[in-house]
Amino acid sequence: MIPDARGLPRASPHPVSKRMHMSPSTTDPRSAKAVVELKGVVKRFASFTALRQMDLTIREGEFFTMLGASGCGKTTTLRLIAGFELPTEGQILIAGQDVSDVPAHLRPVHTVFQNYALFPHLSVLDNVAFPLKVHRVAKPERMERARAALDLVQMGNFADRRPSQLSGGQQQRVALARALVNEPRVLLLDEPLGALDLKLRKEMQAELKAMQRRLGITFIFVTHDQEEALTMSDRIALMKGGEIIQLDTPSGLYDRPASAYVADFIGETNMVPARILSSDAQGTMVEAMGGQLRVAGSFDQPAGTEVKLAFRPERVGEAVSETDNSVEGRLADIEFIGTDLRMTHHMADGSRIVLRRQNSGLAVPDLGEIRKLSFRPKDLRIFGL
Amino acid sequence: MTPHRAMPNWFVRRFVYGISGWVTLLSYLFMLLPIVVLLAFAFNAGKSTVVWTGFSLKWFEKVVTNRNIIQALQVSLIVAVASAALSTMIGAAAAVAITRRAFPGRDILSAALAAPLVLPEIVLSVALLVFMSFAGVTLGYTTMIIGHILISIPFATLIVRAAASSLDVRLENAAADLGANEWQTFYMVTLPQLMPSILTAFILSATLSFDNLVMSTFTSGVGTTTLPLRIYSMLKLGITPEINALGALMVLANVTILLLVMSRYLPLILKTNRR
């Protein structure tokens, strides 16, 4: 059941509606069953391989994001799930059913398109009623449910307008209402916020997330904006070159990047050259930035191996007492960005690292000052070259 | 000095921009003047189409009471509506098929549909006449409607095709995504968007048929004399203001239809004028 009084009506002939009566709070995405599964899916276009060997399980009720630069295969994956493309190899299952050969219009998924794809010849209300009309829902019920869906996205007052008379953000809401009105099992969102300005995008992010929680529908979201992915998702699949290179929660992706590429793609990262000195079960000692540092965890390469040491700018400590795991650097530049200060340091080995700290109003050190920078062993990560 | 010296600005402003407007205006005047004269003499009281003798509506009265003319008008309307309807239907179907689907022989079909555009109408007409008499079909409505379809189908196809190829495929994707099957997608999404061009194709086809003389000459039978054929045979007996009056009525009808169609597009056309 939808906790909101303005929500979609409960009586629905659609078989999926039963699921909507479940309170979303009881659906722990971790234990919930799979709703979309890709098994060994390969997609080739003529000579170009868009997806190579994709195995993916998306769970009931989660906000799942596919993140990556353009051309990484995220949109192809979405189109395969929607049914606009058929896989070259492998299987796609939706709600346990093999839909590999099922055409788009028979799949229980709806899409919010990047360009919204509203029908220009229909009013806003008729656009939203469209999925119900093709499923032959009787007119009074159709109109009632379309209005309810429009109210859900706060577009009730625009029912009689044409799509061309709406702003981008408003069209976006209508497209969302149209995709939700038939209570799909899975909602696919193809960079839906890409065309909106920053402020509106932030608003819509929060609203989409809240709506997903409230309705308990599985959202599969495609974006190239890592910040958007981090703020909204339960889990993120980071893609590159037609493959998933890491699938994790936002904090997992940020704090435990599996490779240098992930560390670099997600958030800001300092990446400096380092050399392994020793490694055992207690931790690894490396030589980097003109000093020696302890890194948590073992690294199975012999001493002397050249590696990359990565750490986040906000995890660099300035208080010497906190730990003795520190190196010295000269403060070269301070960048003021409102809430934060970014301090660039030149290290003894010539590398530059950025330290980020809150603009707390405390005294700012002078440029050129030699400062001790400290690191907690678990904030440092080692990647092979 | 370079041979391609730029023209001075005042020259461009004065003559090129200034004159082009006047040239257009004068050519239109030259083309429209005969029609103005024709319209004026429709109201002449006398029997002459050159000497003005006074104002009268009697020629109009003669036209609307002339049984031959009324019958010819009826024939023309039947043929125009029937041939335009069929030609628009076939043309729209072909246009959608050509732009939406890849099938063997698509390019051949597309060329065949445009062929009547470049073939001389008289050749087409003679060929059809020979074919019909060979097949043993009596000349009449059927032969004339087929002939007129042949004339108007390239235009109908081209108009609908232009609209169909500029349709957004993503909208059809969206319809399928929302659960519409191919037929529902066609009549709920594709067809409504093509409707303006289909209407335009219909009106153009009907006009082409209504004005047609050559094809009608070869394909009309006994009792299926169209209005242009009737006017042509009246001319053989000498020009009277009755023809002027008939012409005036036809101009009036055409302009009315044109304005009805234009009222839909006029705001758009005016918008593109200002730059």
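Everything numeric here is computed off the predicted structure, so don't read it as measured data.

Enquirer: I tried to follow the domain arrangement of chain B on my own but got confused; where do I start?
Expert: It is common to report an interface's size as the accessible area lost on association of the parts. Residue and element names in this part refer to chain B. In terms of domains, chain B is made up of domain 1 (1–41) and domain 2 (58–273). Put simply, the middle of domain 1 and the middle of domain 2, counted by C-alpha atoms, are 34 Å apart. A class-by-class count of the residues in the side of domain 1 that touches domain 2 yields four nonpolar, no polar and no charged.

Enquirer: Help me understand the pairing of strand β7 (residues 186–190) of chain A, please; the structure alone is not making it clear to me.
Expert: A regular strand places its side chains on the two faces of the sheet in alternate fashion. All names here are of chain A. With five of its five residues buried, β7 lies for the most part within the structure. Burial of the side chains of β7 extends over both faces: Val-186, Leu-188 and Asp-190 are buried on one face and Leu-187 and Leu-189 on the other. Bridge count between β7 and strand β8 (residues 218–223): five bridges; the pairing is parallel. The residue bridging Asp-190 from the neighbouring strand is Val-222, located in β8.

Enquirer: Would you mind showing me how to read the nonpolar core here?
Expert: The tendency in soluble globular proteins is for nonpolar side chains to be buried side by side. Core analysis: the biggest nonpolar cluster contains 100 residues, and Val-128, Ala-177 and Ile-220 of chain A have the highest contact counts within it. A per-element tally of this core places helix α3 (residues 124–134) of chain A first, with seven residues. Excluding anything up to four places from it in sequence, Ile-220 of chain A contacts Val-36, Ile-58, Phe-64, Leu-78, Ile-81, Val-186, Leu-188 and Leu-189 of chain A. One finds Ile-145, Ile-149, Phe-202 and Phe-218 of chain B within the second-largest nonpolar core, a separate group that totals 41 residues.

Enquirer: Is there a simple way to explain helix α6 (residues 141–165) of chain B in this structure?
Expert: Residues spaced three or four apart along an α-helix face the same direction, because each turn holds 3.6 residues. Residue and element names in this part refer to chain B. For α6, built from 25 residues, the straight-helix expectation of 36 Å at 1.5 Å per residue is met to within 8% by its first-to-last C-alpha distance of 34 Å. Largest kink in α6: about 45 degrees, centred on Ser-152, with the proline Pro-154 one to four residues after it. In terms of burial, α6 is a largely internal element, 18 of the 25 residues being buried.

Enquirer: Sorry if this is basic, but what is going on with the confidence of the model for chain B here?
Expert: A low pLDDT means the predicted coordinates there should not be read in detail. Residue and element names in this part refer to chain B. Scored by pLDDT, chain B has a mean of 85; 93% of the residues are at 70 or more. Predicted confidence in chain B is weakest over helix α11 (residues 241–273), with a mean pLDDT of 75, and strongest over helix α9 (residues 214–219), with 92. Predicted complex metrics record ipTM = 0.74 and pTM = 0.74.

So, how was this worked out
Residues numbered from 1 in each chain as written. Chains lettered and ligands numbered in written order. Predicted model: local features only at pLDDT ≥ 70, side-chain atom pairs only at ≥ 80, totals over all residues. Domains from an automatic or database assignment. Nonpolar A, V, L, I, M, F, W, Y, C, P; charged D, E, K, R; others polar. Buried ≥ 20, exposed ≤ 12 C-beta atoms within 10 Å, placed from the backbone. Helix = DSSP H or I, 4+ residues; strand = E, 2+ residues; numbered from the N terminus. Pairing = 2+ DSSP bridges. Core = buried A, V, L, I, M, F, W, Y, C linked by C-beta atoms within 7 Å. Contact = placed C-beta atoms within 7 Å. Expected span 1.5 Å × (residues − 1). Bend = angle between axes of the 7 residues up to and from the residue. pLDDT = per-residue confidence, 0-100.

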